[in-house]
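Remarks on the overall topology
Below are the chains, spelled out letter by letter.
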Amino acid sequence: MAKMALVNRDQKRRVTVKKFAAKRAELMEIINNQKLSQEERYEARLKLQKLPRNASPVRLRNRCALTGRPRGVFRKFGLARGKLRDIAMRGEIPGVIKASW
C-alpha cells in the first residue's frame, strides 16, 4: 500500500486540474494563435504562469485504484500489475486469461 498522503495529494491534484482545465485550454488557444499580436500572446503566457502548478495535467500520476501503487499500472484496468494478476487469476476480469503457447 502506498502512503495515504501521496494518494490524497494525487486526488487533490486531479480536482485542481479539472477545475482549471477550461481556463488553461482558453489560454493555450490564445498562446498558439499566430494571428494575434505578440503582446496579447505574451499576456496570455503570463496568465498561464500565474495558475497553480497543480493545475497542470503533467503533474498527475497514474496510480492503482486498489493499492495506490504508482508504478506498473495498466491504464486499461487502472490496476497495478500485481493486483491485475491476482484478479485475473481468479477469473474476475472477463476476457482475460493466462497466456499459454
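I will try to describe carefully the structure that is included in this document. (Residues numbered from 1 in each chain as written. Predicted model: local features only at pLDDT ≥ 70, side-chain atom pairs only at ≥ 80, totals over all residues. Heavy atoms only, no water.)

**A closer look at the overall build of the protein**
The line we're drawing: Only runs of H or I of at least four residues qualify as helices and only runs of E of at least two qualify as strands under DSSP, and these elements are numbered from the N terminus. To get the radius of gyration, use the C-alpha atoms; to get the globule rule, take the number of residues to the power 0.38 and multiply by 2.2 Å. Remark: exposure states derive from per-residue accessible area (1.4 Å probe, protein chains only) relative to the maximum for the residue type, with buried under 20%, exposed over 50%, and partly exposed in between. What sets the accessible areas is the Shrake-Rupley method with a 1.4 Å probe; for residues, cover comes only from the shown protein chains. For this count, His and the chain ends are skipped, Lys and Arg are scored as positive, and Asp and Glu as negative. Where a charge sits is defined by one atom per residue type, namely NZ (Lys), CZ (Arg), CG (Asp) or CD (Glu).
The helix and strand inventory of the protein stands at three helices and two strands. For a compact globule of 101 residues, the expected C-alpha radius of gyration is about 13 Å, and the protein comes in at 20 Å, more than 25% above that figure. In terms of overall dimensions, the protein has a C-alpha envelope of 60 × 35 × 15 Å along the principal axes. Expressed as a percentage of its 101 residues, the buried residues of the protein come to 25%. Carbon and sulfur atoms provide 53% of the accessible area of the protein, an area that totals close to 8400 Å². Side chains of the protein carry 27 positive and 8 negative charges; the gap between the two charge centres is 12 Å.

**Quick word on helix 2 (residues 38–50)**
What counts is decided by this rule: Expected span, for any helix, means 1.5 Å times one less than how many residues it has. Arc definition: it is the arc formed by the directions from the helix axis to the C-beta atoms. Note on contacts: a residue pair qualifies if any of its non-hydrogen atoms lie within 4.5 Å across the two residues.
Over its 13 residues, helix 2 extends 19 Å from the first C-alpha to the last, a length consistent with the 18 Å expected when each residue adds 1.5 Å. Taken together, the buried positions of helix 2 are R41, A44 and L48. Projected down its long axis, helix 2 shows its buried positions confined to an angular sector of 60°, all on one face. What points out from helix 2, more than 90 degrees from its buried face, is the exposed set Q38, E39, K47, Q49 and K50. Buried residues along helix 2 sit against helix 1 (4–32).

**Concerning helix 1**
Under the convention used in this document: Here the bend at a residue is taken as the angle between two axes, fitted respectively to the seven residues that end there and the seven that start there.
In this model, helix 1 (29 residues) spans 39 Å end to end at C-alpha, consistent with the 42 Å of a helix rising 1.5 Å per residue. The sharpest bend along helix 1 measures roughly 50° and falls at A21. Restricting attention to buried positions, one finds in helix 1 the residues V7, D10, R13, T16, V17, F20, R24, L27 and I31. Taken together, the buried residues of helix 1 touch helix 2.

**Some details on the side chain of R41**
For clarity, the threshold we go by: The rule for a salt bridge is simple: a side-chain nitrogen of Lys or Arg has to be within 4 Å of a carboxyl oxygen of Asp or Glu.
Within the secondary structure layout, R41 lies in helix 2. Buried within the structure, R41 lacks any salt-bridge partner; its nearest side chain of opposite charge belongs to E40, at an N-O separation of 8.2 Å. Residue contacts for R41: discarding those within four places in its chain leaves I30, I31, N33, Q34 and L36.

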